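Examination of the molecular architecture
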Amino acid sequence: MVGSAIAFHLSRLGVPDVLLLERGEVAGRASGRSGALVRTHYPNLDEARIALAALPWFEEWPDRVGGDCGFRATGFLQMVDGRDHATLRHNTALLRDIGVTTRLVDHAEIGELEPALRLTGDELAAYEPRSGYADPVATTRGFARAAGRLGTQVAEGVAVTGLRTQGDRILGVHTDAGPVDAPTVVLANGNWSAALLSPLGIAPELTPIWAQVMFVARPAPLRPGPAGHLTIIDRANGCYLRPDGPDRTLLGLSAYRRPMAELDEERGPEEPGFAELVRRQASRRIPGLSDAPRVHGHGGPLDVTTDRRMLLGPAPGVAGLFLAVGMSGGGFKKAPAIGACLAELIVDGKATSAPIDPFRPTRFAEGQPLSGLEYSLPADGVDPDRRDLLGEQGLIH
Ligand SMILES: Cc1cc2nc3c(=O)[nH]c(=O)nc-3n(C[C@H](O)[C@H](O)[C@H](O)COP(=O)(O)OP(=O)(O)OC[C@H]3O[C@@H](n4cnc5c(N)ncnc54)[C@H](O)[C@@H]3O)c2cc1C
């Protein structure tokens, strides 16, 4: 998705000869398997600004990009328990200051917004009426198709095998179909970027982690329809859900992550234990989810950085080379703005859609990792063997 979005925006800004190289098929990896939640609640304002800049692209997709990306503004709840009330109040106030449409709702109002939820009385949520979800495959391919209409050459089935440099400048890439000359190269290939960067002495410190989701037939009392119920991140139980089409619901876990032994390993549809755990956690809110028929499930790779925020901007020491990797589990919702920002940086020398300097790949070497006032891990529902993969707060999309 990130590469397709960058190609689209480069062509939109009039850059000639944009070439999108994809070794498989567009949307074949993380982006096609994304939970595709679209929301703006982040504890870090730099990230929130990117998500906020991306939202109009989803909302106005038919006019801005063309076609249908399946975006549904279901409304979104970022829901916490008493441990995190103060954090939620703090973050929500800051988000409102930067223009996010959000407000705090107490448990009574949560119950009015989503009557299917079982509540304890300890809940507080930030409600975002503009947020929801999109169709991850339609969105990703939609960007690639629109880029093609604007002049990008989309080459699927072509793998980049190396970066060509002379001195401290990029010259292009080697591919399995031959060399390509290019004065500007953007790497937007997640974890796989590390192998291409290492011969240049650049180590982006990406950790490959596997994440997955499950789709179930939607049980009552969740309402039917593509926007039949809210999109919810339930921090207390470490799970999230959203509608999927008219009669299914997508379920995921915030605190269940598996390391990837081999990056290209094709796993089965679901890891053992995932279905049981996600049902247990989600059914605490909606009891009917405990035995709702499973329709299917899938997973994909996450490229996680040390501070769990993306690397976006010029690669250190190689003029003409840019990075857009390390999406850390949240790249889907941000990709439209990431594409715009990077294209602006390349064309105009400065990103204007949102500030991206905080995401510069050199920030770790400069001792300036990104942070925010983060939420607690769920009380349970954390894979006990894998706490080390989660950081202090867990990873959630
Ligand atoms: C189960 C799951 C749920 C998620 N839920 C959400 C969510 O709700 N909201 C959200 O915002 N984000 C979510 N994410 C994260 C989000 O999907 C990713 O951050 C985003 O899709 C990353 O996009 P990308 O373009 O960087 O990676 P990818 O989609 O993986 O694209 C990288 C592409 O590079 C190609 N490639 C690799 N190496 C080469 C090479 N050498 N030459 C040519 N091509 C190459 C690959 O084939 C791949 O297609 C989720 C991810 C998963 C797996």
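Computed from a predicted structure; not experimentally measured.

Reading guide: rules and limits
- Starting afresh in each chain, residues are numbered from 1 along the sequence in its written order.
- Where totals are concerned, whole chains, interfaces and linings use all residues; where local detail is concerned, this predicted model gives features only for residues with pLDDT of at least 70, and gives and counts side-chain atom pairs only at 80 or more.
- To get the side-chain values, all heavy atoms of the structure are used, and hydrogens and water are removed first.
- Of the two site types, the cavity is a set of points on a 1 Å grid over the protein atoms alone where a 1.4 Å probe fits but cannot get out, and the pocket is an open set with protein on both sides within 12 Å along at least five of seven lines, each lined by residues with an atom within 4 Å of a point.
- Grid points are joined across faces, edges and corners, and a volume is the space filled by probe spheres set on the points.
- Working definition: helices are DSSP H or I runs of at least four residues, strands are E runs of at least two. Numbering for both runs from the N terminus.
- Ten residues, namely Ala, Val, Leu, Ile, Met, Phe, Trp, Tyr, Cys and Pro, are considered nonpolar, four, namely Asp, Glu, Lys and Arg, are considered charged, and the remaining ones, Gly among them, are considered polar.
- Here a pair means two rings of Phe, Tyr or Trp (six-membered ring of Trp) with centres within 6.5 Å. Their orientation is stacked below 30 degrees between planes, edge-to-face above 60, and tilted elsewhere.
- In this scheme, a residue with accessible area under 20% of its type's maximum is buried, one over 50% is exposed, and one in between is partly exposed, where area comes from a 1.4 Å probe on protein chains only.
- Between N-to-C directions, angles span 0 to 180 degrees; the directions come from axes that are lines fitted to C-alpha atoms, helices contributing only their stretch in contact.
- Roughly parallel here means an angle under 35 degrees, roughly antiparallel means over 145, roughly perpendicular means 65 to 115, and every remaining angle is called oblique.
- Take the far helix as your reference; a near helix turned counterclockwise from it by less than a right angle gives a left-handed crossing, and one turned clockwise gives a right-handed crossing.
- For this analysis, residues touch if any pair of their heavy atoms sits within 4.5 Å.
- Think of it this way: one heavy atom of a residue within 4 Å of a molecule or strand is enough to make that residue near it.
- Polar contact is the term for a pair of N or O atoms within 3.5 Å; when the atoms are in protein, one must be able to donate a hydrogen and the other to accept it, and sequence-neighboring residues count only if both atoms are side-chain atoms.
- Where accessible areas are quoted, they stem from the Shrake-Rupley method and a 1.4 Å probe; at the residue level, only the protein chains shown are allowed to cover.
- We call two strands paired when DSSP finds no fewer than two bridges between them.
- Take a side-chain nitrogen of Lys or Arg and a carboxyl oxygen of Asp or Glu: if they are within 4 Å of each other, that pair is a salt bridge.

What follows deals with the layout of surface pockets. Size it by volume and the second largest pocket reaches roughly 200 Å³. As for the second largest pocket, its lining consists of 17 residues, and the residues nearest its centre are Tyr133, Ala134, Asp135, Pro136 and Asp244. Elements with a contribution of two residues or more to the lining of the second largest pocket: α6 (136-150), β14 (239-244) and β17 (294-304). In terms of residue class, the lining of the second largest pocket is made up of seven nonpolar, six polar and four charged.

This part is about the packing of aromatic side chains. This model, assessed by the stated rule, comprises five aromatic pairs. Both rings, one in Phe58 and one in Phe71, keep their centres 5.9 Å apart while their planes meet at 40°; by these two values the pair is tilted. On the criterion of sequence distance, the pair formed by Phe58 in helix α2 (residues 45-59) and Phe71 in the loop between α3 (61-64) and β3 (76-80) is long-range, its members being 13 residues apart. By the burial criterion, Phe58 is buried, and Phe71 matches it. Taking the centre distance of 5.7 Å and the plane angle of 40° together, the rings of Phe58 and Phe332 count as tilted.

This part is about the packing of helix α1 (residues 2-12) against α6. Interaxial distance between α1 and α6 falls to 8 Å at its minimum, and their mutual angle equals 30°. Classed by the angle they form, the pair α1 and α6 counts as roughly parallel. As α1 runs across α6, the sense of the crossing is left-handed. Between α1 and α6, the residues in contact are Ser4, Ala5, Ala7, Phe8, His9, Ser11 and Arg12 and Thr140, Phe143, Ala144, Ala146, Ala147 and Leu150, respectively. Its residues assigned to classes, the contact of α1 with α6 comprises eight nonpolar, four polar and one charged.

All right, on to the site of the ligand then. Every one of the 30 residues lining the ligand counts as a neighbour, but Glu22, Ser31, Leu37, Gly331 and Lys333 are closest to it. Measuring from a nitrogen atom of the ligand, one finds a backbone N or O atom of Gly35 at 2.9 Å. Here the ligand loses 96% of its free accessible area of 1,000 Å² to cover by the protein chains. Elements supplying a minimum of two residues to the shell around the ligand: β1 (19-22), β12 (207-217), β17 and α9 (331-348). Examining the composition of the shell around the ligand, we find that three residues originate from one element, α9, more than from any other. Looking at the shell around the ligand residue by residue, the class counts come to 15 nonpolar, ten polar and five charged.

In this section: the pairing of strand β9 (residues 169-175). Where strand β8 (residues 160-166) and β9 come together, six bridges link them in antiparallel fashion. By the bridge assignment, Thr165 is partnered in β9 with Ile170. Taking the residues between adjacent antiparallel strands as the criterion, β8 and β9 are bridged by two residues, where Gly167 takes a positive phi near 60°. Sheet topology note: the β9/strand β10 (residues 178-181) ladder contains four bridges and is antiparallel.

Moving on, we come to the pattern of salt bridges. Per the counting criterion, the structure on display carries 19 salt bridges. Here Asp234 ties to Arg285 by a salt bridge, and the two come within 2.8 Å at their closest N and O atoms. Of this pair, Asp234 sits in strand β13 (residues 231-234) while Arg285 sits in the loop between α8 (274-283) and β17, and the two are 51 residues apart along the sequence. A single burial state applies to Asp234 and to Arg285, both of which are buried.

Right, let's talk about the packing of α2 against α9 for a bit. At their nearest, the axes of α2 and α9 sit 7 Å apart, and the two run at 90° to each other. In terms of axis orientation, α2 runs roughly perpendicular to α9. In this structure, α2 contributes Glu47, Ile50, Ala51, Ala53, Ala54, Trp57 and Phe58 to the contact, and α9 contributes Phe332, Lys333, Lys334, Pro336, Ala337, Ile338 and Cys341. In the contact of α2 with α9, the residues fall into eleven nonpolar, no polar and three charged.

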